[in-house]
Amino acid sequence: AQSVAQPEDQVNVAEGNPLTVKCTYSVSGNPYLFWYVQYPNRGLQFLLKYITGDNLVKGSYGFEAEFNKSQTSFHLKKPSALVSDSALYFCAVRGTNAGKSTFGDGTTLTVKP
Amino acid sequence: NAGVTQTPKFRVLKTGQSMTLLCAQDMNHEYMYWYRQDPGMGLRLIHYSVGEGTTAKGEVPDGYNVSRLKKQNFLLGLESAAPSQTSVYFCASSYSPGGALHFGNGTRLTVT
């Protein structure tokens, strides 16, 4: 079985500061890992994904994610947060069985001016 | 290119009523999924399809049925709605098992 944990319900940062949203995972075999963002009353939007290769993955809107196999983590990062980054962020793992995705419970990011 | 379109956007049902949620995608994707989103619980997979004419159960399939008669459409049915089915329902599709999911904007369903 595959699983994802997002240990923080809420992350608060000041605009201009770096941000990190944490994610750990459990899956058999090589993981497909994803980050999605959800704005109010909208569906989830794809930010970035890790398949295999570089441990630092770059994605949309200046976001990047750091893959650490030994710690089974896939933390989302951004060097300088914007107020417009405030949203709900989901980490997901996608298995090879029909591509079913398992999502974390989500982390609400609030960036204050 | 509309992507993934869900109808309706909102619906209120009484307990015991039935309804069908429609998901349509114009990206020629093989894989389609229905999720429900409840506060603090992330997204949970209800049913999915790996191609036209195929369907399979996900994590929380009870009380729901699905059909994929055409590649571009994936229907989710509630036969006898219950208050526990009050939720936001999202449809998603992807081209391949390892690809990113494309989501619709959701259907907010309230069962009274």
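Residues numbered from 1 in each chain as written. Chains lettered and ligands numbered in written order. Predicted model: local features only at pLDDT ≥ 70, side-chain atom pairs only at ≥ 80, totals over all residues. Heavy atoms only, no water.

Colleague: Just to check I follow, could you spell out the interface of chain B and chain A for this structure?
Modeller: Each partner contributes residues to the interface: chain B has 23 residues there, and chain A has 21 residues. Both faces combined, the contact of chain B with chain A buries some 1600 Å², and carbon together with sulfur accounts for 52% of it. If you look at where chain B meets chain A, you find 10 residue pairs in polar contact (both at pLDDT 80 or more). Where the side of chain B that touches chain A is concerned, the elements lending two or more residues are β4 (31–37), β5 (43–49) and β9 (87–94) of chain B. Ranked by the residues each element gives to the side of chain B that touches chain A, the list is headed by β4(B), at 4 residues. The residue makeup of the side of chain B that touches chain A, split by class, is 13 nonpolar, 9 polar and 1 charged. (Contact = heavy atoms within 4.5 Å. Buried area = accessible area lost by both parts, 1.4 Å probe. Polar contact = N/O pair within 3.5 Å; in protein donor to acceptor, adjacent residues only side chain to side chain. Helix = DSSP H or I, 4+ residues; strand = E, 2+ residues; numbered from the N terminus. Nonpolar A, V, L, I, M, F, W, Y, C, P; charged D, E, K, R; others polar.)

Colleague: Help me understand the side chain of B:Arg68 in this model?
Modeller: All names here are of chain B. Considering the arrangement of structural elements, one finds Arg 68 in the loop between β7 (64–67) and β8 (73–78). In this structure, Arg 68 is buried with no salt-bridge partner, the nearest side chain bearing the opposite charge being Glu 30 at 5.3 Å. Of note is the side chain of Arg 68, whose polar atom sits 2.8 Å from the backbone oxygen of Glu 30. (Buried < 20%, exposed > 50% of the residue type's maximum accessible area, 1.4 Å probe, protein only. Lys, Arg positive; Asp, Glu negative; His and termini not counted. Salt bridge = Lys/Arg side-chain N within 4 Å of Asp/Glu carboxyl O.)

Note that every value here comes from positions in space, so none of it alone points to a role or purpose.
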